[in-house]
Amino acid sequence: MRTRHSFILQYSDVDSSRHIRLSDLEKYLLEAGGVSANQMGFGTDTVLERYNCAWVLIHLTIEMDYLPKYLDEMVIETWVEDNYHMFSVRNYGIYIRKDGEDFQVGRATSSWTLLNMQTRQVDLRGFSEEVWSTIIDKTKVEFTRIPRLQKIDVPTRTLAHTIHYSDLDYNNHCNSCKYLQFMLNADDRLTALYPIRLDINYVKEVYKDERIQVDVLEKTDEEGRLHSLQYCLLAEDGGISCTALLQRVTQ
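Residues numbered from 1 in each chain as written. Predicted model: local features only at pLDDT ≥ 70, side-chain atom pairs only at ≥ 80, totals over all residues. Heavy atoms only, no water.

### Things to note about the state of the cysteines
Using the criterion set out here, one finds 0 disulfides in the structure. Counting only cysteine sulfurs, Cys174 is the nearest neighbor of Cys177, a cysteine outside any disulfide, at a range of 9.7 Å. (Disulfide = S-S within 2.5 Å.)

Take a look at the structure:
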(Lines give C-alpha, C1' and ligand atoms only; values in the text may rest on other atoms or scores of the structure.)
Protein backbone atom coordinates (compact mmCIF):
# COMPACT_ATOMS: atom_id res chain seq x y z
CA MET A 1 0.00 0.00 0.00
CA ARG A 2 1.41 3.36 -1.05
CA THR A 3 0.91 6.83 0.35
CA ARG A 4 1.82 10.23 -1.09
CA HIS A 5 2.92 13.28 0.88
CA SER A 6 3.27 16.83 -0.43
CA PHE A 7 5.71 19.51 0.76
CA ILE A 8 6.27 23.09 -0.40
CA LEU A 9 10.00 23.82 -0.19
CA GLN A 10 10.91 26.85 1.92
CA TYR A 11 14.03 29.02 2.25
CA SER A 12 15.17 26.90 5.18
CA ASP A 13 15.25 23.81 2.93
CA VAL A 14 17.55 25.14 0.19
CA ASP A 15 21.11 26.33 -0.23
CA SER A 16 22.47 29.30 -2.18
CA SER A 17 21.66 27.57 -5.50
CA ARG A 18 17.97 27.57 -4.42
CA HIS A 19 17.99 23.75 -4.71
CA ILE A 20 17.13 21.53 -1.76
CA ARG A 21 20.01 20.39 0.44
CA LEU A 22 20.52 16.63 0.42
CA SER A 23 20.25 16.58 4.22
CA ASP A 24 16.84 18.30 3.98
CA LEU A 25 15.77 15.91 1.25
CA GLU A 26 16.61 13.06 3.63
CA LYS A 27 14.57 14.82 6.33
CA TYR A 28 11.50 14.90 4.09
CA LEU A 29 11.93 11.24 3.08
CA LEU A 30 12.06 10.21 6.73
CA GLU A 31 9.09 12.43 7.57
CA ALA A 32 7.00 10.94 4.75
CA GLY A 33 7.94 7.42 5.85
CA GLY A 34 7.09 8.22 9.46
CA VAL A 35 3.69 9.67 8.60
CA SER A 36 2.94 6.68 6.36
CA ALA A 37 3.94 4.21 9.09
CA ASN A 38 1.67 5.98 11.58
CA GLN A 39 -1.23 5.84 9.11
CA MET A 40 -0.67 2.10 8.63
CA GLY A 41 -0.56 1.33 12.35
CA PHE A 42 3.11 0.54 12.93
CA GLY A 43 4.63 3.98 13.48
CA THR A 44 6.94 5.19 16.19
CA ASP A 45 4.29 5.77 18.85
CA THR A 46 2.81 2.29 18.31
CA VAL A 47 6.06 0.31 18.51
CA LEU A 48 7.23 2.42 21.45
CA GLU A 49 4.05 1.75 23.41
CA ARG A 50 3.84 -1.96 22.58
CA TYR A 51 7.48 -3.00 22.59
CA ASN A 52 9.48 -0.05 23.98
CA CYS A 53 11.16 0.10 20.58
CA ALA A 54 12.00 2.75 18.01
CA TRP A 55 12.55 2.55 14.27
CA VAL A 56 16.23 3.11 13.44
CA LEU A 57 17.59 3.87 9.97
CA ILE A 58 20.37 1.51 8.83
CA HIS A 59 20.88 2.39 5.18
CA LEU A 60 19.63 4.92 2.63
CA THR A 61 20.27 5.22 -1.11
CA ILE A 62 18.98 8.25 -3.02
CA GLU A 63 19.35 8.94 -6.73
CA MET A 64 18.22 12.30 -8.09
CA ASP A 65 17.86 13.29 -11.74
CA TYR A 66 17.04 16.83 -10.62
CA LEU A 67 17.00 18.58 -7.26
CA PRO A 68 13.75 20.43 -6.45
CA LYS A 69 14.01 24.17 -5.83
CA TYR A 70 12.58 26.80 -3.52
CA LEU A 71 8.75 26.88 -3.64
CA ASP A 72 8.55 23.67 -5.68
CA GLU A 73 5.80 21.32 -4.52
CA MET A 74 7.73 18.14 -3.83
CA VAL A 75 5.69 14.96 -3.62
CA ILE A 76 7.07 11.83 -1.97
CA GLU A 77 5.45 8.46 -2.60
CA THR A 78 6.43 5.73 -0.16
CA TRP A 79 5.71 2.07 0.55
CA VAL A 80 7.11 -0.90 2.47
CA GLU A 81 8.61 -3.41 0.05
CA ASP A 82 8.95 -6.23 2.60
CA ASN A 83 10.50 -7.35 5.88
CA TYR A 84 13.67 -9.41 5.61
CA HIS A 85 14.45 -11.04 8.99
CA MET A 86 15.59 -8.05 11.08
CA PHE A 87 15.22 -5.34 8.41
CA SER A 88 12.24 -3.54 6.92
CA VAL A 89 12.77 -2.08 3.44
CA ARG A 90 10.94 1.18 2.65
CA ASN A 91 11.06 2.67 -0.85
CA TYR A 92 10.33 6.12 -2.23
CA GLY A 93 9.48 7.91 -5.44
CA ILE A 94 10.29 11.64 -5.50
CA TYR A 95 8.25 13.99 -7.72
CA ILE A 96 7.71 17.65 -8.51
CA ARG A 97 4.06 18.62 -8.96
CA LYS A 98 3.32 21.16 -11.70
CA ASP A 99 -0.15 22.11 -12.90
CA GLY A 100 -1.61 19.14 -11.07
CA GLU A 101 0.73 16.59 -12.66
CA ASP A 102 3.56 14.77 -10.86
CA PHE A 103 6.92 14.47 -12.64
CA GLN A 104 9.39 11.99 -11.17
CA VAL A 105 12.82 13.44 -10.39
CA GLY A 106 14.26 10.81 -8.04
CA ARG A 107 13.97 7.51 -6.22
CA ALA A 108 15.24 6.07 -2.96
CA THR A 109 15.34 2.92 -0.87
CA SER A 110 15.99 2.50 2.84
CA SER A 111 16.49 -0.24 5.42
CA TRP A 112 15.22 0.01 8.99
CA THR A 113 15.29 -2.08 12.14
CA LEU A 114 13.56 -1.97 15.51
CA LEU A 115 15.80 -1.00 18.42
CA ASN A 116 14.79 -1.78 22.00
CA MET A 117 15.11 1.46 23.95
CA GLN A 118 16.23 -0.30 27.12
CA THR A 119 18.66 -2.92 25.81
CA ARG A 120 19.77 -0.89 22.74
CA GLN A 121 19.59 -4.18 20.81
CA VAL A 122 17.55 -5.21 17.77
CA ASP A 123 14.07 -6.39 18.80
CA LEU A 124 12.14 -8.50 16.27
CA ARG A 125 8.75 -8.61 18.01
CA GLY A 126 7.30 -5.77 15.93
CA PHE A 127 7.90 -7.67 12.69
CA SER A 128 5.28 -10.28 13.67
CA GLU A 129 2.40 -7.79 13.53
CA GLU A 130 -0.49 -8.97 11.34
CA VAL A 131 -0.76 -5.50 9.80
CA TRP A 132 2.26 -6.22 7.58
CA SER A 133 0.35 -8.70 5.41
CA THR A 134 -2.12 -6.01 4.38
CA ILE A 135 0.23 -3.16 3.52
CA ILE A 136 3.34 -4.65 1.86
CA ASP A 137 3.92 -3.67 -1.78
CA LYS A 138 6.72 -5.80 -3.22
CA THR A 139 7.68 -3.27 -5.91
CA LYS A 140 11.45 -2.84 -5.67
CA VAL A 141 13.59 0.23 -6.25
CA GLU A 142 16.84 -1.35 -7.40
CA PHE A 143 20.33 0.14 -7.44
CA THR A 144 23.69 -1.36 -8.32
CA ARG A 145 25.62 -2.32 -5.21
CA ILE A 146 28.63 -0.28 -4.17
CA PRO A 147 31.71 -1.73 -2.40
CA ARG A 148 31.59 -1.72 1.39
CA LEU A 149 32.94 1.60 2.66
CA GLN A 150 35.82 1.44 5.13
CA LYS A 151 37.93 3.88 7.12
CA ILE A 152 39.89 6.39 5.05
CA ASP A 153 43.62 6.06 5.57
CA VAL A 154 44.67 9.36 3.98
CA PRO A 155 41.71 11.77 3.89
CA THR A 156 41.55 14.71 1.50
CA ARG A 157 39.72 16.77 4.11
CA THR A 158 38.66 16.38 7.74
CA LEU A 159 36.14 18.09 9.98
CA ALA A 160 35.79 17.85 13.77
CA HIS A 161 32.48 18.43 15.55
CA THR A 162 31.08 18.03 19.05
CA ILE A 163 27.53 16.70 19.28
CA HIS A 164 25.26 19.35 20.83
CA TYR A 165 21.65 19.56 21.98
CA SER A 166 20.49 20.74 18.53
CA ASP A 167 21.91 17.56 16.94
CA LEU A 168 19.79 15.17 19.02
CA ASP A 169 16.50 13.45 18.17
CA TYR A 170 13.76 11.91 20.30
CA ASN A 171 15.90 8.78 20.85
CA ASN A 172 18.46 11.06 22.56
CA HIS A 173 21.15 10.25 20.05
CA CYS A 174 22.35 12.18 17.00
CA ASN A 175 19.60 12.72 14.41
CA SER A 176 20.08 10.66 11.23
CA CYS A 177 20.00 13.74 8.98
CA LYS A 178 22.71 15.44 11.05
CA TYR A 179 25.30 12.82 10.04
CA LEU A 180 24.82 13.80 6.42
CA GLN A 181 24.87 17.48 7.35
CA PHE A 182 28.24 17.03 9.07
CA MET A 183 29.59 15.24 6.00
CA LEU A 184 28.45 17.93 3.60
CA ASN A 185 29.91 20.59 5.90
CA ALA A 186 33.23 18.81 5.45
CA ASP A 187 32.95 18.81 1.65
CA ASP A 188 29.92 19.97 -0.35
CA ARG A 189 31.43 20.20 -3.82
CA LEU A 190 29.07 17.69 -5.46
CA THR A 191 25.82 18.87 -3.90
CA ALA A 192 24.83 21.24 -6.74
CA LEU A 193 25.22 18.57 -9.43
CA TYR A 194 22.70 16.11 -10.82
CA PRO A 195 22.05 13.39 -11.67
CA ILE A 196 23.64 12.37 -8.38
CA ARG A 197 23.55 9.37 -6.07
CA LEU A 198 24.00 9.16 -2.31
CA ASP A 199 24.59 5.98 -0.31
CA ILE A 200 24.74 6.32 3.48
CA ASN A 201 25.20 3.60 6.10
CA TYR A 202 24.50 4.07 9.80
CA VAL A 203 26.73 1.86 11.94
CA LYS A 204 26.96 3.23 15.48
CA GLU A 205 25.09 5.84 17.49
CA VAL A 206 26.80 8.98 18.77
CA TYR A 207 25.56 11.03 21.72
CA LYS A 208 25.56 14.51 23.24
CA ASP A 209 29.01 15.95 24.04
CA GLU A 210 30.72 13.25 21.99
CA ARG A 211 33.46 14.56 19.70
CA ILE A 212 33.33 13.13 16.20
CA GLN A 213 35.50 13.47 13.09
CA VAL A 214 34.48 13.38 9.44
CA ASP A 215 37.11 12.16 6.98
CA VAL A 216 36.64 12.79 3.25
CA LEU A 217 38.31 11.16 0.25
CA GLU A 218 37.85 12.72 -3.17
CA LYS A 219 38.04 10.69 -6.38
CA THR A 220 38.41 12.08 -9.89
CA ASP A 221 37.71 10.64 -13.34
CA GLU A 222 40.20 10.15 -16.16
CA GLU A 223 39.88 13.81 -17.12
CA GLY A 224 40.63 14.98 -13.60
CA ARG A 225 37.07 16.04 -12.79
CA LEU A 226 35.68 15.35 -9.35
CA HIS A 227 33.62 12.17 -9.62
CA SER A 228 32.83 11.13 -6.05
CA LEU A 229 33.29 11.96 -2.39
CA GLN A 230 33.65 9.20 0.16
CA TYR A 231 32.89 10.06 3.79
CA CYS A 232 33.66 8.29 7.04
CA LEU A 233 32.33 9.66 10.33
CA LEU A 234 34.35 8.43 13.30
CA ALA A 235 33.00 8.30 16.85
CA GLU A 236 35.06 9.59 19.77
CA ASP A 237 36.49 6.10 20.40
CA GLY A 238 37.76 5.95 16.79
CA GLY A 239 35.17 3.45 15.60
CA ILE A 240 33.09 3.97 12.47
CA SER A 241 29.75 5.63 13.19
CA CYS A 242 28.58 6.34 9.64
CA THR A 243 29.87 6.04 6.07
CA ALA A 244 28.64 7.57 2.83
CA LEU A 245 29.43 7.86 -0.85
CA LEU A 246 28.24 10.81 -2.95
CA GLN A 247 28.84 10.37 -6.66
CA ARG A 248 27.94 11.65 -10.09
CA VAL A 249 25.63 9.35 -12.03
CA THR A 250 26.88 8.66 -15.54
CA GLN A 251 24.22 8.56 -18.23
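### Quick look at the nonpolar core
Formed by 61 residues in total, the largest nonpolar core has its most connected members in Leu25, Ile62, Val214 and Tyr231. Each residue touching Tyr231, except ones within four places of it in the same chain, is listed here: Ile152, Met183, Leu184, Asp187, Val214, Asp215, Val216, Cys242, Thr243, Ala244 and Leu246. (Core = buried A, V, L, I, M, F, W, Y, C linked by side-chain atoms within 4.5 Å. Buried < 20%, exposed > 50% of the residue type's maximum accessible area, 1.4 Å probe, protein only. Contact = heavy atoms within 4.5 Å.)

### Digging into the pattern of salt bridges
One pass over the structure, following the stated rule, counts 24 salt bridges. A salt bridge links Arg2 to Glu77, with the nearest nitrogen and oxygen atoms 3.4 Å apart. Within this pair, whereas Arg2 is found in the segment before β1 (3–8), its partner Glu77 is found in strand β3 (residues 73–84), the two being separated by 75 residues in sequence. On the accessibility criterion, Arg2 (34% relative accessible area) is partly exposed. (Salt bridge = Lys/Arg side-chain N within 4 Å of Asp/Glu carboxyl O. Helix = DSSP H or I, 4+ residues; strand = E, 2+ residues; numbered from the N terminus.)

### Here we look at the packing of aromatic side chains
Taken as a whole and judged by the stated rule, the model has 5 aromatic pairs. Arranged with centres 4.7 Å apart and planes meeting at 45°, the rings of Phe7 and Tyr28 form a pair that is tilted. Remark: Tyr28 occurs in helix α1 (residues 22–40) and Phe7 occurs in strand β1; sequence separation between them is 21 residues. Looking at Phe7, the relative accessible area reads 11%, which means it is buried. Residue Tyr28 is classed as buried on the basis of its relative accessible area of 9%. (Phe/Tyr/Trp six-rings, centres within 6.5 Å; stacked < 30°, edge-to-face > 60°.)

### Overview of α1
Across its 19 residues, α1 extends 27 Å between first and last C-alpha, which sits within 8% of the 27 Å expected from 1.5 Å per residue. One or two positions beyond α1, positive phi appears at Gly41, with a value near 95°. (Expected span 1.5 Å × (residues − 1).)

### Looking at unusual backbone geometry
Glycine aside, the phi torsion of most residues is negative, and most peptide linkages are trans. Phi angles above zero are rare outside glycine, and Asn52 is one such case at about 55°. Here Asn52 lies in the loop between α2 (44–51) and β2 (53–64). Given the relative accessible area of 32%, Asn52 is considered partly exposed. Look at Asp209: it is not a glycine, yet its phi comes out positive at around 75°. Among the secondary structure elements, Asp209 is positioned in the loop between β7 (196–202) and β8 (211–220).

### Description of the side chain of Ser228
In this fold, Ser228 is placed in strand β9 (residues 226–234). Residues in contact with Ser228, not counting those within four places in the same chain, are Leu190, Leu217, Glu218, Lys219, Leu245, Leu246 and Gln247.

### Overview of the packing of α1 against helix α4 (residues 176–186)
Their axes nearest at 9 Å, the elements α1 and α4 cross at an angle of 170°. Accordingly, the angle class assigned to the pair α1 and α4 is roughly antiparallel. Of α4, the residues touching α1 (which contributes Leu22, Ser23, Glu26, Lys27 and Leu30) are Ser176, Cys177, Leu180, Gln181 and Leu184. In terms of residue class, the contact of α1 with α4 is made up of 5 nonpolar, 3 polar and 2 charged. (Axes fitted to C-alpha atoms, helices over the stretch in contact; angles between N-to-C directions. Parallel < 35°, antiparallel > 145°, perpendicular 65-115°, else oblique. Nonpolar A, V, L, I, M, F, W, Y, C, P; charged D, E, K, R; others polar.)

### Describing the sheet that holds β7
With antiparallel pairing, 10 strands are arranged side by side in an open sheet as β1-β3-β4-β5-β2-β7-β10-β9-β8-β6. Of all strands in the sheet, those bounded by a partner on one side alone are β1 and β6 (157–162). Taking each pair of neighbouring strands and ignoring which way they run, the sheet shows an average axis angle of 20°. Its contacts with the sheet put α2 on β2 and β5 (101–116), and the angle it makes with β2 is roughly 150°. (Pairing = 2+ DSSP bridges.)

### Comments concerning the environment of Ile135
Following the sequence through the fold, Ile135 ends up in helix α3 (residues 132–135). The spacing of Ile135 and Trp79 is 56 residues in sequence and 8.1 Å in space, taken between C-alpha atoms. Every residue in contact with Ile135, bar those within four places of it in the chain, is listed here: Met1, Met40, Phe42 and Val80.

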